[in-house]
Amino acid sequence: MEKQRIRFDVNHMMAEQIGERGFTEQELTLAAPKAAEAFRYVRENRGKDMMGWTELPYNQNEVVESILQTAQAVRERFDTFVVLGIGGSALGPIAVQQALNHLHYNELPKEKRRAPKLYVEDNIDPERMAALLDVIDLKTTCFNVISKSGSTSETMSQFLILWDRLKREMGDKAKDHIIATTDAAKGNLIKIAQQEGFTRFVIPDGVGGRFSELCPVGLLAAAVCNVDIRALLAGAAYADELASTDDIYQNAPLMAALMQYLAMQKGYNISVMMPYADSLKFIADWYCQLWAESLGKRYDLNGREVFTGQTPVKALGVTDQHSQVQLYTEGPFDKVITVLGVEKFHAEIGIPEGCADIPAVHFLCGHTLNELINAERMATEYALLKSGHLNQTILLPEVNAFTVGQLMYFYELETAYCGAMLGIHTFDQPGVEEGKNAAYALLGRPGYEEKGAELAQKPGKQDRYII
Ligand code: PA5
């Protein structure tokens, strides 16, 4: 297990390494009670209210069995599996698929894939829906409609479009092409699913969208595509076990949260996640939602206006060395950059002999792309260090279901700790709901007349400002 442990390296956050902008050990010692308090808060509240996600690594034996059976049936019967969902109902499935399956999974021949193609449709761009319909065959496609609230307009419109087409094309058999993942009792999707007889999976109480990857929201698509979901959960349980102390030097997510919290107090309002591995590219997207929706809050727990949060930014190493790293090394001191590194990639590609007469190219020969990507990662860390920009590294021994489960749970814990330090409601999203409600009102949903009237009061746009 130890060999599969991810490591969190904060050397480049410390003053002794990075200079005056870094933290001193004394500063961390002074702040340790804050961390201990957050640790206690999270521990005391785990499994309660909106912290049901903490128990997902432990309480899903039966659910996992049922997911595995359904996944097997889907593999036997369908060529394509389409997730319809948005936000927390899509970003986890996308991140896990990218991390744990072939990087050109859908393009692999079926014999190699040994599972359906996967599409996660997390937008309502009409061109995207038309494009999906161009490439799938409804007769061999299974749709997993995922919505915790069961009322999100984007997901429900996708459902309506596809349900209508399925019924027209397949009549009574249409219902066998839909799996609904939603709340056990609340919302419209559960009602529709019961009425139509869809296969159903439950998003447990206390598991909000962005904390839902390790429940059926993420596990079903992963299992359909042959990801080892038990290993994913075992990795999460391991991360939980490693975080069982309030000592920041032993509990990595607690240290991570404390450093981000302290950095925020000093005006570091941006958190960049930069994986040096294509497999982890969409983990950064998943993280952006987790961090932004959880910590971006107007009020604290006492109802005081705090306008807190840290803007998450995603970058990809090495690609974004050639676009963003200039800003990260020479721009304002307002970012904490987290580099994700991978020790052992699943492929090794050597750089062959060539261009012997051009030393500036020939030096690459005999190395591997593996060496190159990690050398470039270390070079970026060095450049950031030299320029005095706070940076930290999470190193994965390799990318597999166990380490990805660990990484995701690490970030969920870090987010919960940081929210506790900030004294905010970490698990709600009133800002998202305001937008959802305004959209309902604009489209005439019954019950939203008052919101419609409120919208009608907004200041009219002036032509002179539209240039
Ligand atoms: O994290 C959240 O709660 C949100 O981003 C939701 O996941 C997103 O709005 C989709 O909501 P639902 O799953 O209810 O359709």
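Residues numbered from 1 in each chain as written. Predicted model: local features only at pLDDT ≥ 70, side-chain atom pairs only at ≥ 80, totals over all residues. Heavy atoms only, no water.

### A word on helix 17 (residues 430-442)
No. 1: In a regular helix each residue adds 1.5 Å, so 13 residues correspond to 18 Å; helix 17 covers 18 Å between its end C-alpha atoms and thus fits that length.
No. 2: Within the sequence span of helix 17, burial applies to A438, Y440 and A441. The arc enclosing the buried residues of helix 17, seen along the axis, measures out at 155°, which places them on a common side.
No. 3: Tucked inside the fold, the buried residues of helix 17 contact helix 7 (153-170) and helix 18 (449-456).
No. 4: Directly beyond the C-terminal end of helix 17, a positive phi value near 80° is found at G444. (Helix = DSSP H or I, 4+ residues; strand = E, 2+ residues; numbered from the N terminus. Expected span 1.5 Å × (residues − 1). Buried < 20%, exposed > 50% of the residue type's maximum accessible area, 1.4 Å probe, protein only. Arc of directions from axis to C-beta. Contact = heavy atoms within 4.5 Å.)

### With respect to the domain arrangement of the chain
No. 1: Domain parsing of the chain yields domain 1 (2-46 + 233-422) and domain 2 (53-230).
No. 2: A C-alpha centroid distance of 30 Å is found between domain 1 and domain 2.
No. 3: On the domain 2 side, the residues contacting the 29 residues of domain 1 number 27 residues.
No. 4: Summing the contributions of domain 1 and of domain 2, the shared interface buries around 2400 Å²; its carbon and sulfur component is 67%.
No. 5: Close ionic contact of E55 with R46 constitutes a salt bridge, the shortest N to O distance being 2.9 Å.
No. 6: Among the elements of the structure, helix 10 (229-242), helix 12 (281-295) and helix 16 (401-422) are those that each provide at least two residues to the side of domain 1 that touches domain 2.
No. 7: Classifying every residue of the side of domain 1 that touches domain 2 gives 16 nonpolar, 5 polar and 8 charged. (Domains from an automatic or database assignment. Buried area = accessible area lost by both parts, 1.4 Å probe. Salt bridge = Lys/Arg side-chain N within 4 Å of Asp/Glu carboxyl O. Nonpolar A, V, L, I, M, F, W, Y, C, P; charged D, E, K, R; others polar.)

### Some thoughts on the nonpolar core
No. 1: Counting residues in each nonpolar core, the largest one holds 104 residues, and the members touching the most others are W53, F81 and Y411.
No. 2: Top element by residues in this core is helix 16. It accounts for 13 residues.
No. 3: When we break this core down by domain, the ones giving at least three residues each are domain 1 (2-46 + 233-422) and domain 2 (53-230).
No. 4: Apart from the residues lying within four places of it in its own chain, the contact partners of F81 are V74, P116, K117, L118, Y119, C142, N144, I179, L220, A221 and V224.
No. 5: Of all hydrophobic cores here, the second largest spans 21 residues; its members include L162, L166, A193 and F198. (Core = buried A, V, L, I, M, F, W, Y, C linked by side-chain atoms within 4.5 Å.)

### A look at the packing of helix 11 (residues 252-265) against helix 16
No. 1: Their axes nearest at 8 Å, the elements helix 11 and helix 16 cross at an angle of 45°. It follows from the interaxial angle that helix 11 and helix 16 lie oblique. Crossing hand, helix 11 versus helix 16: right-handed. On the side of helix 11, the interface is formed by A252, P253, L254, A256, A257, L258, Q260, Y261, M264 and Q265, while helix 16 contributes F410, L413, E414, Y417, C418, M421 and L422.
No. 2: Broken down by class, the residue content of the contact of helix 11 with helix 16 amounts to 14 nonpolar, 2 polar and 1 charged. (Axes fitted to C-alpha atoms, helices over the stretch in contact; angles between N-to-C directions. Parallel < 35°, antiparallel > 145°, perpendicular 65-115°, else oblique. Left-handed = near helix turned anticlockwise from the far one by under 90°.)

### Details of helix 15 (residues 369-386)
No. 1: Compared with the 26 Å implied by 1.5 Å per residue over 18 residues, the 25 Å span of helix 15 between its first and last C-alpha is a close match.
No. 2: When helix 15 is considered as a whole, its buried residues turn out to be N370, I373, N374, R377, T380, E381, L384 and L385. Down the axis, helix 15 shows its buried residues gathered within 140° of arc, on one side only.

### Structural notes on the state of the cysteines
No. 1: Scanning the model with the defined rule gives 0 disulfides in all.
No. 2: Unpaired in this structure, C355 has its nearest cysteine sulfur neighbour in C365, at a distance of 6.6 Å.
No. 3: Classification of C355 by relative accessible area gives partly exposed; the value is 42%. (Disulfide = S-S within 2.5 Å.)

### Describing the sheet that holds strand 11 (residues 335-344)
No. 1: Strand order across the open sheet formed by 5 strands is 1-12-11-7-10, with mixed pairing between neighbours. Because the sheet does not close on itself, it has two edges, and the strands there are strand 1 (7-9) and strand 10 (311-314). Mean inter-strand twist for the sheet, computed between neighbouring axes without regard to direction, equals 20°.
No. 2: The sheet contact formed by strand 7 (residues 270-275) and strand 10 spans 4 bridges and is parallel. Across the sheet, S271 pairs through a bridge with P312, a residue of strand 10.
No. 3: With respect to the sheet, helix 16 is in contact with strand 1, strand 7, strand 11 and strand 12 (391-398), its orientation differing from that of strand 12 by roughly 150°. (Pairing = 2+ DSSP bridges.)

### Some thoughts on the pattern of salt bridges
No. 1: Applying the stated rule across the entire model yields 25 salt bridges.
No. 2: D164 is the salt-bridge partner of R168, the closest N and O atoms lying 2.7 Å from each other. Of this pair, R168 and D164 both sit in helix 7, 4 residues apart, which is roughly one turn of that helix.
No. 3: Ionic pairing is found between D300 and R304, a salt bridge with its closest N-O pair at 3.1 Å.
No. 4: By relative accessible area, R304 is classed as exposed at 52%.
No. 5: Among the ionic contacts, a cluster of salt bridges with common partners joins E2, R5 and R7.

### Focus on the packing of aromatic side chains
No. 1: In this structure the tally under the stated criterion is 14 aromatic pairs.
No. 2: For the ring pair W163 and F198, a centre distance of 4.9 Å and an interplane angle of 90° mean the geometry is edge-to-face. Pair noted here: W163 is in helix 7 and F198 is in the loop between helix 8 (188-196) and strand 6 (199-202), with a separation of 35 residues, a long-range link.
No. 3: On the basis of relative accessibility, which here comes to 7%, the residue W163 falls in the buried class.
No. 4: Over the aromatic face of Y440 sits the side chain of R445, whose NZ or CZ is 4.3 Å from the ring centroid. (Phe/Tyr/Trp six-rings, centres within 6.5 Å; stacked < 30°, edge-to-face > 60°. Lys NZ or Arg CZ within 6 Å of the ring centre and 35° of its normal.)

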